[in-house]
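One-letter residues, chain by chain:
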There are 2 protein chains.
Amino acid sequence: MDLYTGDINQLITELGALPGIGSKTAERMAFHIINLPHDRVKRLSDIIIRAKENVKYCKECCTLTDQELCPVCANQKRDHHMIMVVENTRDLAAYEKTGKYEGVYHVLHGAISPMNGIGPADIKLKELIARLEGDVNEVIIATNSSLEGETTAMYISKLIKPAGIKVTRIASGVPVGGDLENIDEVTLLRAFEGRIEL
Amino acid sequence: MDLYTGDINQLITELGALPGIGSKTAERMAFHIINLPHDRVKRLSDIIIRAKENVKYCKECCTLTDQELCPVCANQKRDHHMIMVVENTRDLAAYEKTGKYEGVYHVLHGAISPMNGIGPADIKLKELIARLEGDVNEVIIATNSSLEGETTAMYISKLIKPAGIKVTRIASGVPVGGDLENIDEVTLLRAFEGRIEL
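Further remarks concern the overall build of chain A. A count of helical and extended segments in chain A gives eight helices and six strands. Element order for chain A, N to C, with α for helix and β for strand: α-α-α-β-β-α-β-α-β-α-β-α-β-α. Its C-alpha radius of gyration of 21 Å places chain A more than 25% over the 16 Å reference for a compact globule of 198 residues. Principal-axis analysis of the C-alpha atoms gives chain A an extent of 60 × 45 × 35 Å.

Structural data, given as C-alpha coordinates:
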(Lines give C-alpha, C1' and ligand atoms only; values in the text may rest on other atoms or scores of the structure.)
Protein backbone atom coordinates (compact mmCIF):
# COMPACT_ATOMS: atom_id res chain seq x y z
CA MET A 1 0.00 0.00 0.00
CA ASP A 2 1.21 3.49 -0.75
CA LEU A 3 0.14 5.26 2.38
CA TYR A 4 3.23 7.39 2.53
CA THR A 5 5.29 9.03 -0.16
CA GLY A 6 8.83 8.15 -1.33
CA ASP A 7 11.27 9.16 1.39
CA ILE A 8 8.94 8.31 4.27
CA ASN A 9 8.24 4.92 2.77
CA GLN A 10 11.92 4.23 2.26
CA LEU A 11 12.79 5.23 5.79
CA ILE A 12 10.03 2.98 7.16
CA THR A 13 11.28 0.12 4.98
CA GLU A 14 14.90 0.47 6.09
CA LEU A 15 13.92 0.71 9.76
CA GLY A 16 11.47 -2.17 9.45
CA ALA A 17 14.27 -4.39 8.12
CA LEU A 18 16.06 -4.15 11.48
CA PRO A 19 15.58 -7.06 13.89
CA GLY A 20 12.70 -6.81 16.35
CA ILE A 21 11.13 -3.87 14.50
CA GLY A 22 7.60 -4.48 13.24
CA SER A 23 5.92 -2.23 10.72
CA LYS A 24 4.06 -0.23 13.39
CA THR A 25 7.26 0.49 15.31
CA ALA A 26 9.08 1.36 12.09
CA GLU A 27 6.34 3.88 11.30
CA ARG A 28 6.50 5.39 14.75
CA MET A 29 10.30 5.58 14.59
CA ALA A 30 10.25 7.16 11.14
CA PHE A 31 7.88 9.96 12.14
CA HIS A 32 9.79 10.46 15.35
CA ILE A 33 13.02 10.88 13.36
CA ILE A 34 11.38 13.30 10.92
CA ASN A 35 10.18 15.40 13.83
CA LEU A 36 13.57 15.46 15.62
CA PRO A 37 15.74 18.59 15.41
CA HIS A 38 18.23 18.57 12.54
CA ASP A 39 21.30 18.09 14.75
CA ARG A 40 19.81 15.02 16.42
CA VAL A 41 19.02 13.47 13.03
CA LYS A 42 22.55 14.24 11.83
CA ARG A 43 23.99 12.64 14.98
CA LEU A 44 21.95 9.47 14.48
CA SER A 45 22.89 9.21 10.82
CA ASP A 46 26.57 9.84 11.59
CA ILE A 47 26.91 7.36 14.43
CA ILE A 48 25.41 4.63 12.25
CA ILE A 49 28.20 5.15 9.71
CA ARG A 50 30.88 5.68 12.35
CA ALA A 51 29.97 2.56 14.33
CA LYS A 52 30.01 0.49 11.15
CA GLU A 53 33.39 1.91 10.11
CA ASN A 54 35.19 1.88 13.45
CA VAL A 55 33.92 -1.25 15.08
CA LYS A 56 36.21 -4.20 14.46
CA TYR A 57 36.98 -7.50 16.12
CA CYS A 58 39.11 -7.40 19.27
CA LYS A 59 42.39 -8.94 18.13
CA GLU A 60 42.39 -11.17 21.19
CA CYS A 61 38.81 -12.38 21.82
CA CYS A 62 37.07 -11.31 18.57
CA THR A 63 34.33 -9.34 20.33
CA LEU A 64 33.13 -6.20 18.56
CA THR A 65 34.98 -3.11 19.77
CA ASP A 66 36.36 0.16 18.43
CA GLN A 67 39.75 -0.44 20.03
CA GLU A 68 42.61 -2.81 19.27
CA LEU A 69 41.85 -4.74 22.45
CA CYS A 70 38.39 -4.76 24.03
CA PRO A 71 38.12 -3.46 27.64
CA VAL A 72 38.02 -7.01 29.05
CA CYS A 73 41.12 -8.23 27.21
CA ALA A 74 42.92 -4.97 28.00
CA ASN A 75 42.20 -5.38 31.72
CA GLN A 76 45.21 -6.97 33.42
CA LYS A 77 43.16 -7.69 36.56
CA ARG A 78 41.10 -10.26 34.65
CA ASP A 79 42.15 -13.91 34.72
CA HIS A 80 43.56 -14.42 31.24
CA HIS A 81 43.92 -18.16 31.81
CA MET A 82 40.16 -18.71 31.87
CA ILE A 83 38.30 -18.29 28.59
CA MET A 84 34.53 -18.27 28.30
CA VAL A 85 33.35 -19.06 24.79
CA VAL A 86 30.15 -17.23 23.73
CA GLU A 87 28.24 -16.97 20.48
CA ASN A 88 28.15 -13.18 20.20
CA THR A 89 29.02 -9.85 21.80
CA ARG A 90 25.59 -9.54 23.40
CA ASP A 91 26.13 -12.82 25.24
CA LEU A 92 29.45 -11.48 26.47
CA ALA A 93 27.67 -8.36 27.68
CA ALA A 94 25.06 -10.50 29.46
CA TYR A 95 27.79 -12.25 31.48
CA GLU A 96 29.60 -8.96 32.11
CA LYS A 97 26.39 -7.58 33.62
CA THR A 98 26.57 -10.23 36.34
CA GLY A 99 29.81 -8.55 37.45
CA LYS A 100 31.02 -11.90 38.84
CA TYR A 101 32.96 -13.49 36.02
CA GLU A 102 36.65 -12.66 36.26
CA GLY A 103 38.06 -14.50 33.27
CA VAL A 104 38.17 -13.39 29.64
CA TYR A 105 36.01 -14.34 26.66
CA HIS A 106 36.12 -15.66 23.17
CA VAL A 107 33.35 -14.59 20.79
CA LEU A 108 32.54 -17.08 18.02
CA HIS A 109 30.16 -14.85 16.06
CA GLY A 110 27.79 -17.68 15.40
CA ALA A 111 27.30 -21.35 16.09
CA ILE A 112 27.78 -24.44 14.00
CA SER A 113 24.57 -25.12 12.09
CA PRO A 114 24.74 -27.69 9.29
CA MET A 115 21.07 -26.92 8.52
CA ASN A 116 22.01 -23.35 7.65
CA GLY A 117 25.31 -24.29 6.04
CA ILE A 118 27.39 -22.83 8.88
CA GLY A 119 30.41 -25.03 9.56
CA PRO A 120 33.32 -24.75 12.02
CA ALA A 121 35.26 -22.63 9.49
CA ASP A 122 32.49 -20.00 9.43
CA ILE A 123 32.85 -19.04 13.08
CA LYS A 124 35.88 -17.71 15.00
CA LEU A 125 37.12 -21.16 15.98
CA LYS A 126 40.65 -21.14 14.63
CA GLU A 127 41.18 -17.88 16.53
CA LEU A 128 40.16 -19.74 19.69
CA ILE A 129 42.51 -22.64 18.96
CA ALA A 130 45.36 -20.17 18.40
CA ARG A 131 44.75 -18.69 21.84
CA LEU A 132 45.01 -22.09 23.48
CA GLU A 133 48.69 -22.26 22.61
CA GLY A 134 49.17 -19.79 25.43
CA ASP A 135 48.70 -20.66 29.08
CA VAL A 136 45.02 -21.56 29.45
CA ASN A 137 43.62 -23.38 32.49
CA GLU A 138 39.98 -23.66 31.55
CA VAL A 139 37.66 -23.14 28.62
CA ILE A 140 34.04 -22.57 29.67
CA ILE A 141 31.62 -23.14 26.83
CA ALA A 142 28.69 -20.74 27.17
CA THR A 143 27.06 -21.15 23.79
CA ASN A 144 23.24 -21.14 23.83
CA SER A 145 21.40 -24.26 24.87
CA SER A 146 19.86 -24.47 21.41
CA LEU A 147 20.58 -27.28 18.97
CA GLU A 148 23.26 -25.14 17.29
CA GLY A 149 24.75 -24.07 20.60
CA GLU A 150 24.94 -27.66 21.85
CA THR A 151 26.46 -28.89 18.59
CA THR A 152 29.08 -26.16 18.81
CA ALA A 153 29.81 -27.01 22.45
CA MET A 154 30.32 -30.68 21.58
CA TYR A 155 32.52 -29.85 18.65
CA ILE A 156 34.76 -27.51 20.63
CA SER A 157 34.98 -29.94 23.52
CA LYS A 158 36.13 -32.79 21.27
CA LEU A 159 38.64 -30.49 19.63
CA ILE A 160 40.21 -29.13 22.79
CA LYS A 161 40.06 -31.90 25.35
CA PRO A 162 42.78 -34.05 23.75
CA ALA A 163 45.19 -31.14 24.36
CA GLY A 164 44.64 -31.69 28.09
CA ILE A 165 42.79 -28.43 28.68
CA LYS A 166 39.90 -28.44 31.15
CA VAL A 167 36.66 -27.85 29.26
CA THR A 168 33.41 -27.03 31.06
CA ARG A 169 29.87 -26.17 29.98
CA ILE A 170 27.58 -23.73 31.78
CA ALA A 171 24.71 -25.49 33.55
CA SER A 172 21.29 -25.60 32.04
CA GLY A 173 18.14 -25.90 34.15
CA VAL A 174 15.21 -23.98 35.53
CA PRO A 175 15.82 -20.22 35.44
CA VAL A 176 15.88 -18.48 38.82
CA GLY A 177 12.39 -17.20 39.63
CA GLY A 178 11.00 -19.38 36.85
CA ASP A 179 7.64 -20.99 37.42
CA LEU A 180 7.93 -24.75 36.88
CA GLU A 181 4.59 -25.07 35.14
CA ASN A 182 5.65 -22.60 32.46
CA ILE A 183 8.93 -24.29 31.64
CA ASP A 184 9.35 -26.65 28.70
CA GLU A 185 9.95 -30.35 29.28
CA VAL A 186 13.46 -30.41 27.87
CA THR A 187 14.56 -27.78 30.39
CA LEU A 188 12.81 -29.61 33.22
CA LEU A 189 14.57 -32.82 32.26
CA ARG A 190 17.90 -31.02 32.07
CA ALA A 191 17.30 -29.55 35.51
CA PHE A 192 16.55 -33.04 36.84
CA GLU A 193 19.63 -34.59 35.25
CA GLY A 194 21.81 -31.78 36.55
CA ARG A 195 20.46 -31.98 40.12
CA ILE A 196 22.94 -31.34 42.93
CA GLU A 197 23.00 -33.01 46.34
CA LEU A 198 22.16 -30.57 49.15
CA MET B 1 27.67 0.24 32.80
CA ASP B 2 30.40 0.27 30.22
CA LEU B 3 29.74 -3.04 28.56
CA TYR B 4 30.50 -1.73 25.12
CA THR B 5 33.08 0.73 23.89
CA GLY B 6 32.54 4.27 22.53
CA ASP B 7 30.92 3.99 19.12
CA ILE B 8 28.83 0.92 19.97
CA ASN B 9 27.58 2.60 23.13
CA GLN B 10 26.71 5.77 21.27
CA LEU B 11 24.85 3.88 18.59
CA ILE B 12 22.88 1.94 21.22
CA THR B 13 22.09 5.21 23.03
CA GLU B 14 20.86 6.97 19.89
CA LEU B 15 18.74 4.00 18.85
CA GLY B 16 17.41 3.53 22.38
CA ALA B 17 16.18 7.13 22.37
CA LEU B 18 13.71 6.31 19.58
CA PRO B 19 10.11 5.62 20.62
CA GLY B 20 9.20 2.01 21.38
CA ILE B 21 12.84 0.90 21.47
CA GLY B 22 13.97 -0.61 24.77
CA SER B 23 17.62 -1.15 25.63
CA LYS B 24 17.58 -4.81 24.54
CA THR B 25 16.14 -3.96 21.13
CA ALA B 26 18.57 -1.06 20.75
CA GLU B 27 21.45 -3.48 21.44
CA ARG B 28 20.14 -5.99 18.94
CA MET B 29 19.61 -3.28 16.33
CA ALA B 30 23.09 -1.84 16.87
CA PHE B 31 24.86 -5.17 16.36
CA HIS B 32 22.64 -5.92 13.41
CA ILE B 33 23.64 -2.60 11.81
CA ILE B 34 27.33 -3.20 12.50
CA ASN B 35 27.06 -6.58 10.80
CA LEU B 36 25.23 -5.28 7.72
CA PRO B 37 27.15 -4.79 4.46
CA HIS B 38 28.58 -1.29 4.00
CA ASP B 39 26.13 -0.27 1.28
CA ARG B 40 23.12 -1.17 3.42
CA VAL B 41 24.49 0.89 6.32
CA LYS B 42 25.13 3.81 3.99
CA ARG B 43 21.58 3.54 2.63
CA LEU B 44 20.08 3.57 6.14
CA SER B 45 22.21 6.53 7.20
CA ASP B 46 21.38 8.44 4.01
CA ILE B 47 17.64 7.88 4.05
CA ILE B 48 17.48 9.17 7.63
CA ILE B 49 19.00 12.47 6.50
CA ARG B 50 17.05 12.58 3.25
CA ALA B 51 13.69 11.91 4.90
CA LYS B 52 14.37 14.63 7.46
CA GLU B 53 15.36 17.11 4.75
CA ASN B 54 12.73 16.37 2.12
CA VAL B 55 9.67 15.66 4.17
CA LYS B 56 7.51 18.77 4.60
CA TYR B 57 3.89 19.53 5.33
CA CYS B 58 1.41 19.07 2.48
CA LYS B 59 0.39 22.64 1.63
CA GLU B 60 -3.25 21.62 1.67
CA CYS B 61 -3.81 19.19 4.56
CA CYS B 62 -0.51 19.54 6.49
CA THR B 63 0.28 15.82 6.47
CA LEU B 64 3.94 14.87 6.15
CA THR B 65 4.95 14.26 2.55
CA ASP B 66 7.89 14.83 0.23
CA GLN B 67 5.69 16.44 -2.43
CA GLU B 68 3.92 19.81 -2.63
CA LEU B 69 0.58 18.07 -2.32
CA CYS B 70 0.20 14.68 -0.62
CA PRO B 71 -1.24 11.82 -2.72
CA VAL B 72 -4.68 12.23 -1.12
CA CYS B 73 -4.96 15.98 -1.76
CA ALA B 74 -3.54 15.53 -5.26
CA ASN B 75 -6.18 12.91 -6.09
CA GLN B 76 -9.07 14.58 -7.91
CA LYS B 77 -11.26 11.51 -7.40
CA ARG B 78 -11.40 12.17 -3.65
CA ASP B 79 -14.25 14.23 -2.24
CA HIS B 80 -12.58 17.54 -1.42
CA HIS B 81 -15.70 18.86 0.30
CA MET B 82 -15.38 16.38 3.16
CA ILE B 83 -12.47 16.92 5.57
CA MET B 84 -11.48 14.44 8.27
CA VAL B 85 -9.44 16.06 11.02
CA VAL B 86 -6.79 13.78 12.58
CA GLU B 87 -4.00 14.33 15.09
CA ASN B 88 -1.11 13.03 13.01
CA THR B 89 -0.01 11.40 9.78
CA ARG B 90 -0.16 7.91 11.27
CA ASP B 91 -3.84 8.41 12.09
CA LEU B 92 -4.39 9.49 8.49
CA ALA B 93 -2.63 6.33 7.33
CA ALA B 94 -4.80 4.22 9.64
CA TYR B 95 -7.96 5.55 7.97
CA GLU B 96 -6.42 5.22 4.52
CA LYS B 97 -5.78 1.54 5.26
CA THR B 98 -9.53 1.00 5.58
CA GLY B 99 -9.75 1.94 1.89
CA LYS B 100 -13.31 3.20 2.46
CA TYR B 101 -12.95 6.88 3.26
CA GLU B 102 -13.28 9.00 0.14
CA GLY B 103 -12.86 12.50 1.51
CA VAL B 104 -9.65 14.37 2.30
CA TYR B 105 -7.89 15.01 5.62
CA HIS B 106 -6.50 17.71 7.80
CA VAL B 107 -3.58 16.82 10.06
CA LEU B 108 -3.32 18.88 13.25
CA HIS B 109 0.07 17.58 14.39
CA GLY B 110 -1.01 17.37 17.96
CA ALA B 111 -4.00 17.99 20.17
CA ILE B 112 -4.90 20.78 22.57
CA SER B 113 -3.44 19.95 25.97
CA PRO B 114 -3.43 22.73 28.57
CA MET B 115 -1.60 20.35 30.96
CA ASN B 116 1.32 20.22 28.55
CA GLY B 117 1.07 23.84 27.52
CA ILE B 118 -0.23 23.02 24.05
CA GLY B 119 -2.86 25.53 22.99
CA PRO B 120 -4.91 25.96 19.79
CA ALA B 121 -2.12 28.07 18.27
CA ASP B 122 0.36 25.19 18.63
CA ILE B 123 -1.47 22.83 16.27
CA LYS B 124 -2.43 23.29 12.61
CA LEU B 125 -5.81 24.85 13.39
CA LYS B 126 -5.61 28.13 11.52
CA GLU B 127 -4.66 26.12 8.43
CA LEU B 128 -7.92 24.17 8.90
CA ILE B 129 -9.96 27.36 9.33
CA ALA B 130 -8.42 28.76 6.14
CA ARG B 131 -9.55 25.69 4.22
CA LEU B 132 -13.13 26.15 5.38
CA GLU B 133 -13.42 29.31 3.31
CA GLY B 134 -13.65 27.00 0.33
CA ASP B 135 -16.63 24.77 -0.35
CA VAL B 136 -16.76 22.30 2.56
CA ASN B 137 -19.81 20.18 3.32
CA GLU B 138 -18.64 18.30 6.38
CA VAL B 139 -15.80 18.26 8.89
CA ILE B 140 -15.37 14.88 10.58
CA ILE B 141 -13.38 15.15 13.78
CA ALA B 142 -11.29 11.99 14.22
CA THR B 143 -8.97 13.06 17.01
CA ASN B 144 -8.21 10.36 19.59
CA SER B 145 -10.75 9.60 22.28
CA SER B 146 -8.26 10.71 24.93
CA LEU B 147 -8.78 13.78 27.12
CA GLU B 148 -6.68 15.87 24.71
CA GLY B 149 -8.45 14.48 21.66
CA GLU B 150 -11.88 15.21 23.14
CA THR B 151 -10.87 18.71 24.20
CA THR B 152 -9.62 19.39 20.68
CA ALA B 153 -12.81 17.99 19.16
CA MET B 154 -14.97 20.25 21.35
CA TYR B 155 -12.84 23.28 20.58
CA ILE B 156 -12.97 22.75 16.82
CA SER B 157 -16.69 22.04 16.91
CA LYS B 158 -17.43 25.30 18.76
CA LEU B 159 -15.22 27.20 16.37
CA ILE B 160 -16.68 25.84 13.14
CA LYS B 161 -20.36 25.22 13.83
CA PRO B 162 -21.37 28.90 13.91
CA ALA B 163 -20.21 29.12 10.28
CA GLY B 164 -22.98 26.67 9.42
CA ILE B 165 -20.68 23.78 8.48
CA LYS B 166 -21.75 20.27 9.43
CA VAL B 167 -19.38 18.94 12.10
CA THR B 168 -19.35 15.26 13.09
CA ARG B 169 -17.29 13.13 15.49
CA ILE B 170 -16.29 9.51 14.84
CA ALA B 171 -18.12 7.09 17.14
CA SER B 172 -16.47 5.66 20.21
CA GLY B 173 -17.43 2.29 21.64
CA VAL B 174 -16.38 -1.32 21.94
CA PRO B 175 -13.78 -2.25 19.28
CA VAL B 176 -14.86 -4.91 16.81
CA GLY B 177 -13.76 -8.32 18.06
CA GLY B 178 -13.12 -6.79 21.49
CA ASP B 179 -13.92 -8.91 24.50
CA LEU B 180 -16.25 -6.98 26.79
CA GLU B 181 -14.60 -8.17 29.98
CA ASN B 182 -11.27 -6.67 28.89
CA ILE B 183 -12.61 -3.24 28.04
CA ASP B 184 -12.39 -0.30 30.41
CA GLU B 185 -15.54 1.14 31.98
CA VAL B 186 -15.39 4.48 30.22
CA THR B 187 -15.47 2.75 26.84
CA LEU B 188 -18.28 0.45 27.98
CA LEU B 189 -20.28 3.46 29.11
CA ARG B 190 -19.61 5.25 25.83
CA ALA B 191 -20.75 2.19 23.93
CA PHE B 192 -23.94 2.14 26.03
CA GLU B 193 -24.63 5.82 25.51
CA GLY B 194 -24.01 5.52 21.81
CA ARG B 195 -26.25 2.49 21.35
CA ILE B 196 -28.24 2.30 18.14
CA GLU B 197 -31.74 0.90 17.71
CA LEU B 198 -31.79 -2.28 15.67
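Counted according to the given criterion, the structure contains 20 salt bridges over all chains. A salt bridge links Glu27(B) to Lys97(A); the shortest N-O distance between them is 3.6 Å. Of this pair, Glu27(B) sits in helix H2 (residues 23–35) while Lys97(A) is found in helix H5 (residues 89–98), placing the two residues in two different chains. Relative accessible area serves as the criterion here: at 38%, Lys97(A) is assigned to the partly exposed category. Two residues, Arg169(B) and Glu150(B), come together in a salt bridge whose shortest N-O distance is 3.4 Å. One end of the pair, Arg169(B), is in strand E6 (residues 166–169); the other, Glu150(B), is in helix H7 (residues 147–160), and 19 residues separate them in sequence. Overlapping salt bridges, with partners in common, bring together Glu14(A), Arg40(B) and Arg43(B) in one network.

Across soluble globular proteins, nonpolar side chains show a tendency to be buried alongside one another. Core analysis: the biggest nonpolar cluster contains 44 residues, and Leu11(A), Leu15(A), Leu11(B) and Leu15(B) have the highest contact counts within it. Of all the secondary-structure elements, those providing two or more residues to this core are helix H1 (6–16), helix H2 (23–35) and helix H3 (38–54) of chain A together with helix H1 (6–16), H2 and helix H3 (38–54) of chain B. Beyond its immediate sequence surroundings of up to four residues, Leu15(B) is in contact with Leu44(A), Ile21(B), Ala26(B), Met29(B), Ala30(B) and Ile33(B).

Note on the identical chains: chain B maps onto chain A by a rotation of 180° and an axial translation of 0.0 Å, with an RMSD of 0.1 Å. The symmetry that links the two subunits is that of a two-fold axis. Relative to the rotation axis, the C-alpha of Ser45(B) is the closest in chain B, positioned 2.3 Å from it. When you check the interface residues of chain B against chain A, 100% turn up at the interface there too, and the contact is symmetric in its surfaces.

Residue and element names in this part refer to chain A. For the pair H1 and H2, the least separation of the axes is 8 Å and the interaxial angle reads 125°. Judged by the angle between their axes, H1 and H2 are oblique. The hand of the H1/H2 crossing is right-handed. Contacts from Ile 8, Leu 11, Ile 12, Leu 15 and Gly 16 in H1 reach Ala 26, Glu 27, Met 29, Ala 30, Phe 31, Ile 33 and Ile 34 in H2. In terms of residue class, the contact of H1 with H2 is built from 10 nonpolar, one polar and one charged.

All names here are of chain B. Overall, parallel pairing links the four strands, which are arranged E4-E3-E5-E6 in an open sheet. Every other strand in the sheet has two partners, leaving strand E4 (103–107) and E6 as the edge strands with one partner each. Between one strand axis and the next, the sheet turns through 25° on average, direction left out of account. In this structure, strand E3 (residues 79–86) lies alongside E4, joined through five bridges in parallel fashion. When the bridges of E4 are listed, Val 85 appears paired with His 106. Packing against the sheet, helix H5 (residues 89–98) makes contact with E3 and E4, and its axis sits at approximately 160° to E4. Where H7 meets the sheet, its contacts fall on E3, strand E5 (138–141) and E6, and the angle it forms with E6 comes to roughly 170°.

A few words on the state of the cysteines. Tallied over the entire structure, the rule returns zero disulfides over all chains. You can see Cys70(A) has no disulfide; the closest cysteine sulfur is in Cys61(A), sitting 3.7 Å from it. Looking at the unpaired Cys62(B), the closest cysteine sulfur is the one in Cys61(B), lying at 6.6 Å.

Through backbone hydrogen bonds, the strands of a sheet pair up, either in parallel or in antiparallel fashion. Residues and elements named next belong to chain A. Spatially, the four strands line up as an open sheet ordered E4-E3-E5-E6, and their pairing is parallel. A strand with exactly one partner marks an edge of an open sheet, and here the two such strands are strand E4 (103–107) and strand E6 (166–169). Averaged over all pairs of adjacent strands, the angle between strand axes in this sheet comes to 25°, irrespective of strand direction. Against the sheet, H5 engages strand E3 (79–86) and E4, with an angle of about 160° to E4.

Every contact between the two is made by 53 residues of chain B and, on the other side, 53 residues of chain A. Buried area between chain B and chain A, summed over both chains or domains, comes out near 5,300 Å², and the portion from carbon and sulfur atoms is 68%. The three residues of chain B that bury the most area against chain A are Asp7(B), Glu14(B) and Lys52(B), which together make up 13% of that side's buried surface. Counting the contacts that link chain B with chain A gives eight salt bridges. Across the pair Arg43(B) and Glu14(A) runs a salt bridge, and its minimum N-O distance is 2.7 Å. For the pair chain B and chain A, the number of links is 13 residue pairs in polar contact (both at pLDDT 80 or more). For the side of chain B that touches chain A, the elements supplying multiple residues, two or more each, are H1, H2, H3, strand E2 (64–65) and H5 of chain B. It is H3(B) that provides the largest number of residues to the side of chain B that touches chain A, a total of 15 residues. Residue classes in the side of chain B that touches chain A are distributed as 26 nonpolar, 13 polar and 14 charged.

Procedures and definitions
- Residues numbered from 1 in each chain as written.
- Chains lettered and ligands numbered in written order.
- Predicted model: local features only at pLDDT ≥ 70, side-chain atom pairs only at ≥ 80, totals over all residues.
- Heavy atoms only, no water.
- Helix = DSSP H or I, 4+ residues; strand = E, 2+ residues; numbered from the N terminus.
- Rg over C-alpha atoms; globule rule 2.2 N^0.38 Å.
- Salt bridge = Lys/Arg side-chain N within 4 Å of Asp/Glu carboxyl O.
- Buried < 20%, exposed > 50% of the residue type's maximum accessible area, 1.4 Å probe, protein only.
- Core = buried A, V, L, I, M, F, W, Y, C linked by side-chain atoms within 4.5 Å.
- Contact = heavy atoms within 4.5 Å.
- Least-squares fit on C-alpha atoms with pLDDT ≥ 70 in both.
- Axes fitted to C-alpha atoms, helices over the stretch in contact; angles between N-to-C directions.
- Parallel < 35°, antiparallel > 145°, perpendicular 65-115°, else oblique.
- Left-handed = near helix turned anticlockwise from the far one by under 90°.
- Nonpolar A, V, L, I, M, F, W, Y, C, P; charged D, E, K, R; others polar.
- Pairing = 2+ DSSP bridges.
- Disulfide = S-S within 2.5 Å.
- Buried area = accessible area lost by both parts, 1.4 Å probe.
- Polar contact = N/O pair within 3.5 Å; in protein donor to acceptor, adjacent residues only side chain to side chain.

The values reported here are purely geometric and, on their own, carry no functional implication.
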